[in-house]
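# Analysis of the macromolecular model
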Amino acid sequence: MRADQVRRAVQLVLRGSSVALVGPRLSGRSTALGLIGEELRARGESVLHVVPQRGAPELEPLRLAVPRRVRAPIDSGPLTFAGVHGLVEEYLLEGGHVVLVDDADQLDGPSRAVLALARRRTGRPAVVTLPPRAASGAGRWVAAALQPVVDVVLGPLSVPEVQELAESRLGGPVSDAAAIRAHDASGGSPGVALAVLDGAVTHGGLRQVEGTWVGDDMWSPDLDGFFAASLSGLRRSERDAVEVLALAGAVPSPVAGVLVAPRLLDRIEALGLLRLLDVGGEHLVVVTPPGLADVLGRAPTTARRRALAEAAAQRVVQRRGPAGEEVEPVLARLRARLDHAPGSAAVTGPSSAGDVGRVVAERHRLDLAVAHGTWRTRRGVTEAVELIRLQLSGTGDPGVVDRVLRETDAEPAADSFAYVELCYLRARWRIARGAGHLAAAAELEAAAADHVRYRESLLSLAVALRAEFGVVPGDYERELAPRTSGTGWDAATARVALATCRVLSGAAQGAERALGPDGCRWPDLLHAGAELVRGLASYGQGRFDDVLAVGRSLVDRAADRGDHAAFVGGCYLAALVRTARLDVDRARRDLLPVQSAGLRAGAMVLCPDRAVAVLLAASSTSPRDDDRRVRLTPGEGGNAAGDALPFGSDIWLAASLHARDDPVGAARRLDEAVASLLDRGQRLAAETMLIHRSLLHHDDDRAAEVEEVARRTGGRLYPTLLAARRAMTDGDPRALMIAAGRLEEADAVEEAARCYLSAAGMFRLAGRHGDAAQARAAARTLQGADAADAAAGATQVLSERELEIARLVADGAANGDIASRLVLSRRTVESHVRNIKRKTGARDRAGVAALARD
């Protein structure tokens, strides 16, 4: 670690120059100084190592640096300038020492004067450590007294250097992923990286597997205390300034000057707590290390923190004019902190999807700014691909993408895979802007000229594009399978395209075989899409735990590498499993981070953006959640996203909105969509829709067909859900209890509780009060005593509208009267009454009235 800086410093010293090691706190200045001393001694040089101590008497650091036998003449009396100066000068002359001074900014004035005189008289060089923009006195003293002085800047460590540091600390090999996580949390600061590693080992985040240290979560509670201690020496105004900037996130430097007084910015930058990023001519101010920003951003809300955010937001409003449009996103973030402040519960780090989403979103914003500046400078194909990828990973700016495509000459890169990526992203962008998918695919094929090195990749991606947006080609096997042999990118692309077509057409096992195990080394364009297909293949076979595992791996990839599309894909796969288990609340929680982070997957093969929007909107239509409903237009965001994925069709949202009032009509609309998907060869989406349509409304005419699909694709879960629906329709509480137990085993906890409660209602209406109590007890075990007690009646399974109709039935109102009072059609009221009977086991209107009165 720091080998290059140490080597350069030693060479400068041997040539007679003094050296200033410049770096922020925890940057390894003292360690580097010690390594320089060891190297000098190995080369035959003598070293005088001075270590200042805050609060020590003047001249005491110099006295202690000299060996005891040499300083004996002055130990017996008071320290005087003349005595210490004479002793040090004589010692340096006799031994030819190089002076090392750790934290030279803390050295007292008389000691500085002694070293300045010694340098002038003896000519011996010195090596000192200083923080960036050290206090003016220390900076001037070093420059004037030790000249000539050369600065050696100790910047952040690279990922390989952090990995080397970790392996030295832990005494064994460390995985790339663990090193990346430590680097991300520490920002490359050695001291912080060591704290991250030590905390992770203590709390089990780092563990040895077959001799290698691997880490699932590098965060630990120790880091909160570590960063709190690192701020303990700051003045109150300095700490407040750091907190405000952490709350605001990365901001342009003019906005930072609005949030925090310039003098405070200078001071905390000198302390190494701020970093200035030069991004295409724009300077962004960020709190460093990133772990510190994360701790401050996640800290519990207090009156003081709220007051800081409010005051900062007020300053932004007052200075909106001078700072221009740059202040608007900063103001939005500060207001979001005030409106949705984190609770007081402790958070252990970026391990949940929400935490990762925030980290990935912040990285996306910074990456986008960097990519924009890089493309403006170079305008090459690689730079264009990165910028377009990032634009399609968020709410892309059409003007930027159009300009990049217009002003980037792709031909010079025709022999690189970047050319393939640019052509494919251009095709998806064309579709997002309203072009037909056939035209976009034809343009992709036209780019596959004979001189293009990876022309087969372009042809394979064109097949996948047609399958995603139109009809799965009937001859895709004949075209793609021969290309999958080999080890190059053409073969890898063909495998992803083949797996995509197979999984969409319902051949899940074949999709897994096409992908194989080695996709981790594929280009970014292929990797996330291949993993999404892998997760969908598991979903199509009912292996829901495997789907969750793939989803978690994608979210981990997003945290490790800033792969924004991977984050969207991982959250979508998790939500698919929650929805399959009818756990709507958890599905919504899986998807909300995608929406709140503003992330998209438009640069991904088989983009799930529309499915994410539809699932989130459909899961937010419950009448119990009207006060926090998410209002979305499915498919919004400007990305190319087809409806070939499960829940990818807007019809899901329409069905969810109308299911309460007209379940028969909603089921009919889904039947039409199923037929359309089957005509296009998109069987996975069709079968998913068919099963959930049957869960919405049981139909004896389609029961055999649905049960065959459920057995093939849903593992144990879907057949059990269908059995529960059949038991409700038949009014069989004993069968419903059996189904509820199987749902509990399949981890569909909420649906199992609903079934137990419905069975309890059926038992109670039949006068079997002991069985009803047993069913309620089973629900209480799943839901918790408070929730079960509040929902002890069978009416808990009814919607608000159904409860309202049941009360009117209890009042003696006829269906026509109820329709007039609620402004509904008579047919809709009749449908509601049938649903009430089905859900509760009530045999007739008297039974419905009894439930309402109870």
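What counts as what
In every chain, residue numbers begin from 1 and rise along the written sequence. Local features in this predicted model are restricted to residues of pLDDT 70 or higher, and side-chain atom pairs are both shown and tallied only at a pLDDT of 80 or more, whereas totals for entire chains, interfaces and linings draw on every residue. Based on all heavy atoms of the structure, the side-chain values leave hydrogens and waters out of the count. In DSSP terms, a helix is any run of H or I states spanning at least four residues, a strand is any run of E spanning at least two, and both are numbered starting from the N terminus. Note on exposure labels: buried denotes an accessible area under 20% of the residue type's maximum, exposed denotes more than 50%, and partly exposed covers the range between, all computed with a 1.4 Å probe on protein chains only. Should any heavy atoms of two residues lie within 4.5 Å, those residues are considered in contact. Working definition of accessibility: Shrake-Rupley area with a 1.4 Å probe, residue cover restricted to the visible protein chains. Any helix carries an expected span of 1.5 Å times its number of residues minus one. Here, the term nonpolar core denotes a set of buried Ala, Val, Leu, Ile, Met, Phe, Trp, Tyr and Cys residues that are joined through side-chain atoms within 4.5 Å. One bridge is not enough; two strands pair if DSSP finds at least two bridges between them. With axes taken as lines fitted to C-alpha atoms, and helix axes fitted only over the stretch in contact, angles between N-to-C directions fall between 0 and 180 degrees. Whenever Lys or Arg places a side-chain nitrogen within 4 Å of a carboxyl oxygen from Asp or Glu, that contact is recorded as a salt bridge. Pairing of aromatic rings covers Phe, Tyr and Trp, the last through its six-membered ring, and needs centres within 6.5 Å; plane angles under 30 degrees mean stacked, over 60 mean edge-to-face, and all others mean tilted. Reported orientations rely on four angle classes, namely roughly parallel under 35 degrees, roughly antiparallel over 145, roughly perpendicular from 65 to 115, and oblique for the rest. By definition, any crossing whose near helix is turned counterclockwise from its far helix by less than a right angle is left-handed, and any crossing with a clockwise turn is right-handed. Asp, Glu, Lys and Arg are counted as charged, while Ala, Val, Leu, Ile, Met, Phe, Trp, Tyr, Cys and Pro are counted as nonpolar; the rest, among them Gly, fall into the polar class. By convention, a crossover is right-handed whenever its connection, traced from the first strand over the helix to the second and viewed with the strands pointing away, goes clockwise. The pLDDT value expresses, per residue, how confident the predictor is, ranging between 0 and 100.

## What to know about the overall build of the protein
Looking only at helices and strands, the protein has 45 helices and 10 strands in total. The burial tally for the protein puts 55% of its 854 residues in the buried class. Within the protein, counting contacts between residues at least 6 apart in sequence, those at least 24 apart form 68% of the total. Entry remark: accessible area of the protein is about 35400 Å², with carbon and sulfur atoms responsible for 49%.

## Some words on helix H10 (residues 190–202)
The α-helix winds at 3.6 residues per turn, so residues separated by three or four positions along the chain end up facing the same way. In this model, H10 (13 residues) spans 18 Å end to end at C-alpha, consistent with the 18 Å of a helix rising 1.5 Å per residue. Within the span of H10, buried status applies to Pro190, Val192, Ala193, Leu194, Ala195, Val196, Leu197, Gly199 and Ala200.

## What about the nonpolar core?
In this structure, Leu458, Leu536, Tyr539 and Tyr572 are the most contacted members of the largest nonpolar core, which totals 150 residues. Here tyrosine 539 is in contact with Phe544, Val547, Leu576, Ala580, Pro646, Phe647, Leu684, Thr688, His692, Thr713 and Tyr718, once residues within four sequence places are set aside. Counting 50 residues, the second largest nonpolar core, distinct from the first, contains Leu170, Val192, Leu194 and Ala312.

## A look at the sheet that holds strand E3 (residues 97–101)
Whenever strands of a sheet pair, they do so through backbone hydrogen bonds, lying parallel or antiparallel. With parallel pairing, five strands are arranged side by side in an open sheet as E2-E3-E4-E1-E5. Edge positions in the open sheet fall to strand E2 (46–50) and strand E5 (149–153), since each of these has one partner strand only. Sheet twist, expressed as the average angle between the axes of neighbouring strands with direction ignored, equals 20°. Where strand E1 (residues 18–22) lies against strand E4 (residues 126–130), four bridges are found, and the strand directions are parallel. Counterpart to alanine 20 in the pairing with E4 is valine 128.

## Brief notes about helix H26 (residues 489–504)
Between its terminal C-alpha atoms H26 stretches 22 Å, which fits the 22 Å expected from 16 residues at 1.5 Å a residue. Of all 16 residues that make up H26, 15 are buried, and the element is covered over most of its length. Glycine 506 sits one or two positions beyond H26 and adopts a positive phi of about 95°.

## Thoughts on the pattern of salt bridges
In a structure, side chains of opposite charge can pair up when their charged atoms sit close to one another. Throughout the structure, instances matching the rule amount to 26 salt bridges. Among the salt bridges present, the one from aspartate 198 reaches arginine 169, with a minimum N-O distance of 2.7 Å. Of this pair, aspartate 198 sits in helix H10 while arginine 169 is found in helix H8 (residues 159–170), placing the two residues 29 residues apart along the sequence. We classify aspartate 198 as partly exposed; its relative accessible area is 31%. By sharing partners, the salt bridges in this structure join Arg379, Arg403 and Glu407 into a single network.

## Observations concerning the packing of aromatic side chains
Scanning all chains against the criterion turns up three aromatic pairs. Taken together, a centroid distance of 5.8 Å and an interplanar angle of 55° make the contact between tyrosine 539 and phenylalanine 544 tilted. Note on tyrosine 539: relative accessible area 3%, which makes it buried. Given the relative accessible area of 5%, phenylalanine 544 is considered buried.

## Digging into the packing of helix H22 (residues 417–432) against helix H24 (residues 455–469)
Helix packing geometry: the angle between the two helix axes and the distance between the axes. Remark: H22 packs on H24, axes separated minimally by 10 Å, with the N-to-C direction vectors making an angle of 25°. By the angle between their directions, the pair H22 and H24 is classed as roughly parallel. In this structure, the crossing between H22 and H24 has a hand that is right-handed. The residues of H24 that touch H22, namely those facing Phe417, Tyr419, Val420, Cys423, Tyr424, Ala427, Arg428 and Ile431, are Ser457, Leu458, Leu461, Leu465, Glu468 and Phe469. Looking at side-chain class alone, the contact of H22 with H24 contains 11 nonpolar, one polar and two charged residues.

## Quick notes on the pairing of E4
Along E4, five of the five residues are buried, which leaves the element largely enclosed by surrounding structure. Of the two faces of E4, the one holding Ala126, Val128 and Leu130 and the one holding Val127 and Thr129 are both buried throughout. As a crossover connection, the stretch from E3 through helix H6 (residues 109–122) into E4 is right-handed.

## A word on unusual backbone geometry
The residue after glutamine 147, namely proline 148, is reached through a cis peptide bond having omega -5°. In this fold, proline 148 is placed in the loop between helix H7 (136–145) and E5. Residues other than glycine seldom take positive phi values, yet leucine 606 does so here, at roughly 65°. Within the secondary structure layout, leucine 606 lies in the loop between helix H31 (584–597) and helix H32 (609–618). For phenylalanine 647, which is not glycine, the phi torsion reads 65° and is therefore positive. Within the element layout of this structure, phenylalanine 647 appears in the loop between H32 and helix H33 (651–658). By relative accessible area, phenylalanine 647 is classed as buried at 6%.

## Structural notes on the packing of H24 against H26
Where H24 contacts H26, the two axes come as close as 8 Å, and the packing angle between them is 15°. Taken together, the axis directions place H24 and H26 in an arrangement best described as roughly parallel. In this structure, H24 crosses over H26, and the sense of that crossing is left-handed. Contact residues: H24 offers Arg455, Glu456, Ser457, Ser460, Leu461, Val463, Ala464, Ala467 and Glu468, while H26 offers Trp489, Asp490, Thr493, Ala494, Ala497, Cys501 and Leu504. Its residues assigned to classes, the contact of H24 with H26 shows nine nonpolar, three polar and four charged.

## Things to note about the confidence of the model for the protein
Averaged over all residues, the pLDDT of the protein equals 78, while 82% of them reach at least 70. A low-confidence stretch, residues 340–352 (pLDDT under 50), is modelled with 26 contacts involving residues beyond four sequence positions or located in other chains. The model gives residues 785–795 a pLDDT under 50, and that stretch makes 18 contacts with residues more than four places away or in other chains.

## Observations regarding the pairing of E3
Counted residue by residue, E3 has five buried out of five residues, so it is predominantly covered. The two faces of E3 match: His97, Val99 and Val101 on one face and Val98 and Leu100 on the other face are all buried. Pairing of E2 with E3 involves five bridges; the strand directions are parallel. Pairing of histidine 49 across the sheet is with leucine 100, part of E3. With three bridges connecting them, E3 and E4 associate as parallel partners. Paired with valine 99 across the strands is alanine 126, a residue of E4.

## Section: the environment of histidine 692
Tracing the sequence through the fold places histidine 692 in helix H35 (residues 683–696). Judged by its relative accessible area of 9%, histidine 692 is buried. Put simply, histidine 692 and alanine 667 are 25 residues apart on the chain and 9.4 Å apart in space, counted from C-alpha to C-alpha.

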